[in-house]
Amino acid sequence: MDAVEKVYRFYESWRGEKFVYGKSACGAPLVGFFVGQREYPVLLFQYAMHAREWITALLALEHIKRGMPRGGGYFLPLVNPDGAALSLRSRALSLWKANAEGVDLNVNFPAGWGTGRANVFSPAPQNYVGAYPLCAPESRALARFTLRARPAATVSYHTKGGEIYWEFGQKGEALCRDEKLAAALADETGYAARRITGSAGGYKDWCIRALGIPAFTVEAGSDAFSHPLGEDCLPALVRENIGVPERLAEELCKWKTR
């Protein structure tokens, strides 16, 4: 049973709150879970947006089982089920990042769309921005769900490199807040909090620009690993990241009371 099957099996067996927030390009359900309480801070975590990074979907299941001792969390473990299936089930496509239509979901959001240094403008295994922002059903569903959920912060799980990206043009108090939150997550995971340039159109970027909330991309796992990370890497990812939802909730509460 591969990671895609494990997510859907977990969804069927889960007795807590769960939902379908859209469909993929091939019609697969986009499933999500809510754990904790609907009180501040409610967070949103999304995983496996890039196909070859399907290992993060299994990290999501560990986060869901651990729960949220403070606040609540929406967990979307498999944002790109079609792409993940391609990567898992075809050796020739094991490094595929895009959805089934060749759109890289993490450059398909309306936040500097099409201006990234590595962007391409026709369907490809990676970096294709799409015909227009949110043209992909997966990114469109994620954006709509995020607007409905109105989370206090979002975290996007990717692999690999052991880095946390947190900045997309914030200024003033928001910049100070997000830098301090990123530092706390760096302390929790052992990863490096970094600003990056030449990247745009990502989910993190859109959350910062459209909602004005803290948003983080976590590149989980050591750069010593090779893509795609196999299930043998999961224990390390869990060890480094299992406390992230709780830590982020705690830090947001501290910031709110300042």
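Residues numbered from 1 in each chain as written. Predicted model: local features only at pLDDT ≥ 70, side-chain atom pairs only at ≥ 80, totals over all residues. Heavy atoms only, no water.

Caption draft 1: Summary view of the overall build of the protein. Helix and strand content of the protein: eight helices and eight strands. Burial status across the protein gives 60% buried among its 258 residues. Within the protein, residue pairs in contact and separated by at least 24 positions form 77% of the contacts whose partners lie at least 6 positions apart. Counting every atom, the protein has about 10,700 Å² of accessible surface; 49% of that belongs to carbon and sulfur. (Helix = DSSP H or I, 4+ residues; strand = E, 2+ residues; numbered from the N terminus. Buried < 20%, exposed > 50% of the residue type's maximum accessible area, 1.4 Å probe, protein only. Contact = heavy atoms within 4.5 Å. Areas by Shrake-Rupley, 256 points an atom, 1.4 Å probe, with all protein chains shown as cover.)

Caption draft 2: Inspection of the packing of helix α2 (residues 55–66) against helix α7 (residues 234–241) at higher detail. Closest axis-to-axis distance for the α2/α7 pair is 10 Å, and the angle between their directions is 50°. Relative to α7, the element α2 is oriented oblique. Handedness of the α2/α7 crossing: right-handed. Contacts between α2 and α7 involve Ile55, Leu58, Leu59, Glu62 and His63 on the former and, on the latter, Leu234, Leu237, Val238 and Asn241. (Axes fitted to C-alpha atoms, helices over the stretch in contact; angles between N-to-C directions. Parallel < 35°, antiparallel > 145°, perpendicular 65-115°, else oblique. Left-handed = near helix turned anticlockwise from the far one by under 90°.)

Caption draft 3: Expanded view of helix α5 (residues 172–189). Taking 1.5 Å per residue, 18 residues should reach 26 Å; α5 reaches 26 Å between its end C-alpha atoms and fits that length. Here α5 has its buried residues at Arg177, Asp178, Leu181, Ala182, Ala184, Leu185, Ala186 and Thr189. One or two steps after α5, the chain reaches Gly190, where phi turns positive at roughly 85°. (Expected span 1.5 Å × (residues − 1).)

Caption draft 4: Seen up close, the UniProt feature "active site" (unreviewed entry) in the protein. Taking the numbering used here, the UniProt-annotated feature "active site" (unreviewed entry) corresponds to Glu219. For Glu219, the location among the structural elements is in strand β8 (residues 215–220). Judged by its relative accessible area of 13%, Glu219 is buried. If we skip the residues at most four places from it in the chain, Glu219 touches His158, Thr159, Lys160, Gly161, Gly162, Glu163, Tyr165 and Tyr191. Among the polar contacts listed, one links the side chain of Glu219 to the backbone nitrogen of Thr159, at a separation of 3.4 Å. (UniProt positions renumbered as here; feature names shortened; annotations may be inferred. Polar contact = N/O pair within 3.5 Å; in protein donor to acceptor, adjacent residues only side chain to side chain.)

Caption draft 5: Quick peek at the side chain of His158. Looking at where His158 falls in the secondary structure, it is placed in strand β5 (residues 153–159). Reaching out from His158, the side chain makes a polar contact with the side chain of His50 at a distance of 3.3 Å. The residues touching His158, leaving out its near neighbours within four places in the chain, are Met49, His50, Glu53, Thr56, Asn106, Thr217, Val218, Glu219 and Ala220.

Caption draft 6: View of the nonpolar core. The biggest cluster of nonpolar side chains holds 49 residues, and the ones touching the most others in it are Leu43, Tyr157, Phe216 and Leu248. Looking at which element gives the most residues to this core, the answer is α2, with seven residues. Sequence-distant contacts of Leu43, defined by excluding residues within four places in its chain, comprise Met68, Gly72, Gly73, Tyr74, Pro151, Ala152, Ala153, Pro245, Leu248, Ala249 and Leu252. Ala136, Ala143, Trp206 and Ile213 belong to the second-largest nonpolar core, a separate cluster that totals 33 residues. (Core = buried A, V, L, I, M, F, W, Y, C linked by side-chain atoms within 4.5 Å.)

Caption draft 7: Spotlight on the pattern of salt bridges. Across all of its chains, the model carries 13 salt bridges by this definition. For Arg38, the salt bridge identified is with Glu17, shortest N-O distance 2.6 Å. Here Glu17 lies in strand β1 (residues 17–23) and Arg38 lies in the loop between β2 (29–36) and β3 (42–47), a separation of 21 residues in the sequence. Using a relative accessible area of 36% as the deciding quantity, one classes Glu17 as partly exposed. Between Glu251 and Lys254 there is a salt bridge; the shortest N-O distance is 3.4 Å. (Salt bridge = Lys/Arg side-chain N within 4 Å of Asp/Glu carboxyl O.)

Caption draft 8: Main features of the sheet that holds β3. Taken together, eight strands build an open sheet; the order of strands is β1-β2-β4-β3-β5-β8-β6-β7 and the sheet is mixed. Pairing within the sheet leaves two strands with one partner each, and these edge strands are β1 and β7 (192–194). Going from strand to strand, the sheet's axes swing by 25° on average, the running direction of each strand aside. Bridge analysis of β3 against strand β4 (residues 72–76) gives five bridges, and the strand direction is parallel. Opposite Val42, over in β4, you have Gly72 as the bridge partner. (Pairing = 2+ DSSP bridges.)

Caption draft 9: Examining the layout of surface pockets more closely. Space inside the largest pocket adds up to approximately 670 Å³. Residue lining of the largest pocket: 30 residues in total, with Asn106, Tyr165, Ile196, Ser199 and Glu219 positioned closest to the centre. Sorting the residues of the lining of the largest pocket by element identifies β5, α6 (203–211) and β8 as the ones contributing at least two each. Taken together, the residues of the lining of the largest pocket sort by class into six nonpolar, 14 polar and ten charged. (1 Å grid on protein atoms, 1.4 Å probe; cavity = no way out; pocket = protein on both sides within 12 Å on 5 of 7 lines; lining within 4 Å. Points joined across faces, edges and corners; volume = space filled by probe spheres on them. Nonpolar A, V, L, I, M, F, W, Y, C, P; charged D, E, K, R; others polar.)

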